[in-house]
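Close look at the chain arrangement
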Amino acid sequence: MKMLKAIVRPEMADTIADALAEAGFNSMTKINAFGRGKQNGIVIGSVHYDELPKTILMLVVEDEAVKEVLKIIKYKAYTGNFGDGKVFITPVDKVMTVRTGETGL
């Protein structure tokens, strides 16, 4: 299993979440966040914004599904501009449901 944490533009988060659900990836967590990437924020006129609103989409999928999820996120999040986002992929050793104690997805 892998955990994917996609940091994306807030205005793209619902579109991405809907596309993932349509493809069968219903379970996820959305987190509102602020941050900056390599571009170190943006400058509009004389104002420098160094922390921009972002949304983190977090989901755990089986190893075989990672490519499909990445494809959906990239397609739905892409604008071609700085700040489209990043996806971090980490291994998951075990998952347990709190209510039942059941393990696995």
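Residues numbered from 1 in each chain as written. Predicted model: local features only at pLDDT ≥ 70, side-chain atom pairs only at ≥ 80, totals over all residues. Heavy atoms only, no water.

A closer look at a nonpolar patch on the surface
- On the surface, I42, I44, V47 and Y49 cluster together into a nonpolar patch covering about 340 Å² of accessible area.
- Elements supplying a minimum of two residues to the nonpolar patch: β3 (42–44) and β4 (47–49).
- Along the chain, I42 falls in strand β3. (Patch = residues over 30% accessible without salt bridge, like charges linked within 9 Å, V, L, I, M, F, W, Y side chains within 5 Å. Areas by Shrake-Rupley, 256 points an atom, 1.4 Å probe, with all protein chains shown as cover. Salt bridge = Lys/Arg side-chain N within 4 Å of Asp/Glu carboxyl O. Helix = DSSP H or I, 4+ residues; strand = E, 2+ residues; numbered from the N terminus.)

Overview of the packing of helix α1 (residues 10–22) against helix α2 (residues 66–77)
- Axis separation between α1 and α2 bottoms out at 9 Å; the angle between their running directions is 145°. Considering how the two elements wind past one another, α1 and α2 form a crossing that is right-handed. Facing M12, T15, I16, A19 and L20 of α1, the residues of α2 in contact are V69, I72, I73, K76 and A77.
- The residue makeup of the contact of α1 with α2, split by class, is eight nonpolar, one polar and one charged. (Axes fitted to C-alpha atoms, helices over the stretch in contact; angles between N-to-C directions. Left-handed = near helix turned anticlockwise from the far one by under 90°. Contact = heavy atoms within 4.5 Å. Nonpolar A, V, L, I, M, F, W, Y, C, P; charged D, E, K, R; others polar.)

Here's the deal with the pattern of salt bridges
- Here the structure, examined in full by the defined rule, presents three salt bridges.
- For R9, the salt bridge goes to D84, with nearest N and O atoms at 3.0 Å. Linking R9 in the loop between β1 (2–8) and α1 with D84 in the loop between α2 and β6 (85–91), this pair joins segments that are 75 residues apart in sequence.
- Look at R9 and you get buried, because its relative accessible area is 17%. (Buried < 20%, exposed > 50% of the residue type's maximum accessible area, 1.4 Å probe, protein only.)

Here's the deal with the sheet that holds β1
- Overall, antiparallel pairing links the four strands, which are arranged β2-β5-β1-β6 in an open sheet. Edge positions in the sheet fall to β2 (29–35) and β6, since each has one partner strand and no second. Shown here is a sheet whose adjacent strand axes are inclined to one another by a mean of 20°, direction ignored.
- With seven bridges joining them, β1 and β6 adopt antiparallel strand pairing. Within the sheet, the bridge partner assigned to V8 lies in β6 and is G85.
- Against the sheet, α1 engages β1, β2 and β5 (52–61), with an angle of about 20° to β5.
- Relative to the sheet, α2 contacts β1, β5 and β6, its axis offset from that of β1 by approximately 5°. (Pairing = 2+ DSSP bridges.)

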